[in-house]
Structure formats: C-alpha cells, structure tokens
Amino acid sequence: MAVLTMHDLPPDRAGTGSALFGTTSQLGASIGVAAIGSVFFRRLASGAGSGPGAYGAALAAALWVGIAMLALAFAAAFLLPGGRTARRTGERRTEAAAGA
C-alpha cells in the first residue's frame, strides 16, 4: 500500500507523502480497534449470558463488525482515483525510457 501511495509523488514531496500515509494508517487502526472493542465490551456487558459462552458471543459479534469494516474498506478502494491515470503515467514513463 505504501508503494501505491508514494508511486506518483515527486521526490521532494516524499516526506510529506510518507507522513500522510503513516498518519492515515494509524488513524484507521485506532478507529478499527475502538469500534471492535466497543462492540465486544458492550455485548459482554449486556448480560447476554455468563461464563465462557458470553465471551464467545461477544467475540463473534466483534468479529462480524471487523468483517463488515473490511468489506467497507474493500468497496471504498474502488472509489479511489488513479486507476486509468496511473496506468497512463506508467505507460508514458515506459515510452520515455524506451525512447531515451
């Protein structure tokens, strides 16, 4: 993912792009952990049972939330810009290298 993020940046902007990538990665991880943890502990505190079965039910609910978030991220990836533009840019670089 880092390679895709940094691919089209000019070298003088590499530090900024790297910092932005790191920040968004950390933010996404924090939101994911908070959401999954909230579902787990809310389900556990709801009194839907006691003992090991309650932990299993809470874990199952948290895992389904994680799967839903993963599916949402996968779908959102198709909305990212650059599919055709990145291919054209790569083709131009290849043509320039071949012509040089």
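Scroll up a little and you will see the structure.
As the structure is a prediction and not an experimental result, all values here were calculated from the model.

**Observations regarding the overall build of the protein chain**
- Helix and strand counts for the protein chain stand at four helices and zero strands.
- Taken from the N to the C terminus, the helices and strands of the protein chain come in the order α-α-α-α.
- For the protein chain, buried positions account for 8% of its 100 residues.
- Working note: accessible area of the protein chain is about 7,800 Å², and carbon and sulfur atoms make up 69% of it.

**Topic: helix 2 (residues 14–45)**
- For helix 2, built from 32 residues, the straight-helix expectation of 46 Å at 1.5 Å per residue is met to within 8% by its first-to-last C-alpha distance of 46 Å.
- In the core, the buried residues of helix 2 are packed alongside helix 1 (2–6) and helix 3 (52–77).
- Gly 47 sits one or two residues past helix 2 and shows a positive phi near 75 degrees.

**Notes on the environment of Ser 38**
- Of note, Ser 38 is situated in helix 2.
- Ser 38 sits in the partly exposed class, given a relative accessible area of 41%.
- The spatial distance from the C-alpha of Ser 38 to the C-alpha of Ala 62 is 8.3 Å, given a sequence separation of 24 residues.

**Side note on the packing of aromatic side chains**
- Enumeration according to the criterion identifies three aromatic pairs in this entry.
- When the centroid spacing of 6.5 Å and the interplanar angle of 40 degrees are considered together, the rings of Phe 40 and Tyr 55 count as tilted. One end of the pair, Phe 40, is in helix 2; the other, Tyr 55, is in helix 3, and 15 residues separate them in sequence.
- Look at Phe 40 and you get buried, because its relative accessible area is 17%.

**Describing the environment of His 7**
- Here His 7 shows up in the loop between helix 1 and helix 2.
- Since its relative accessible area comes to 40%, His 7 is described here as partly exposed.

**Topic: helix 3**
- Its 26 residues place the ends of helix 3 37 Å apart at the C-alpha level, agreeing with the 38 Å of an ideal helix rising 1.5 Å per residue.
- Among all positions in helix 3, only Ala 54, Ala 58, Ala 61 and Ala 62 are buried.
- Contacts made by the buried residues of helix 3 are with helix 2.

**Quick look at the packing of helix 2 against helix 3**
- The contact between helix 2 and helix 3 brings their axes to 8 Å, and the two run at 150 degrees. In terms of orientation, helix 2 and helix 3 fall into the roughly antiparallel class. Every pair of crossing elements has a handedness; the one defined by helix 2 and helix 3 is right-handed. Residues Ile 31, Gly 32, Ala 35, Ile 36, Val 39, Phe 40, Arg 43 and Leu 44 of helix 2 lie in contact with helix 3, whose contacting residues are Ala 54, Tyr 55, Ala 57, Ala 58, Leu 59, Ala 61, Ala 62, Val 65, Gly 66 and Met 69.
- Here the residues of the contact of helix 2 with helix 3 are counted per class, giving 15 nonpolar, two polar and one charged.

So, how was this worked out
- Going along each chain's sequence as written, the residues are numbered from 1 onward.
- Note on the predicted model: pLDDT of at least 70 is required for a residue's local features to be given, and 80 or more for side-chain atom pairs to be given and counted; whole-chain, interface and lining totals, by contrast, use all residues.
- Computation of side-chain values: all heavy atoms of the structure, hydrogens and water removed.
- In DSSP terms, a helix is any run of H or I states spanning at least four residues, a strand is any run of E spanning at least two, and both are numbered starting from the N terminus.
- Any residue under 20% of the maximum accessible area for its type is buried, any over 50% is exposed, and the rest in between are partly exposed; the area is computed with a 1.4 Å probe on protein chains only.
- Only the protein chains shown count as cover for residues, and the accessible areas themselves come from Shrake-Rupley with a 1.4 Å probe.
- The span one expects for a helix is its residue count, reduced by one, times 1.5 Å.
- Contacts: residue pairs with any heavy atoms within 4.5 Å of one another.
- Aromatic pairs are defined between Phe, Tyr and Trp rings, using the six-membered ring for Trp, whenever the two ring centres lie within 6.5 Å; interplanar angles under 30 degrees are classed as stacked, those over 60 as edge-to-face, and all others as tilted.
- Every axis in this analysis is a line fitted to C-alpha atoms, fitted for helices over the stretch in contact. Angles between the N-to-C directions lie between 0 and 180 degrees.
- Orientation labels follow simple angle bins: below 35 degrees gives roughly parallel, above 145 gives roughly antiparallel, 65 to 115 gives roughly perpendicular, and whatever is left gives oblique.
- Here a crossing is taken to be left-handed if its near helix is turned anticlockwise relative to the far helix by less than a right angle, and right-handed if that turn runs clockwise.
- Ten residue types, Ala, Val, Leu, Ile, Met, Phe, Trp, Tyr, Cys and Pro, are classed as nonpolar, four, Asp, Glu, Lys and Arg, as charged, and the remainder, Gly among them, as polar.

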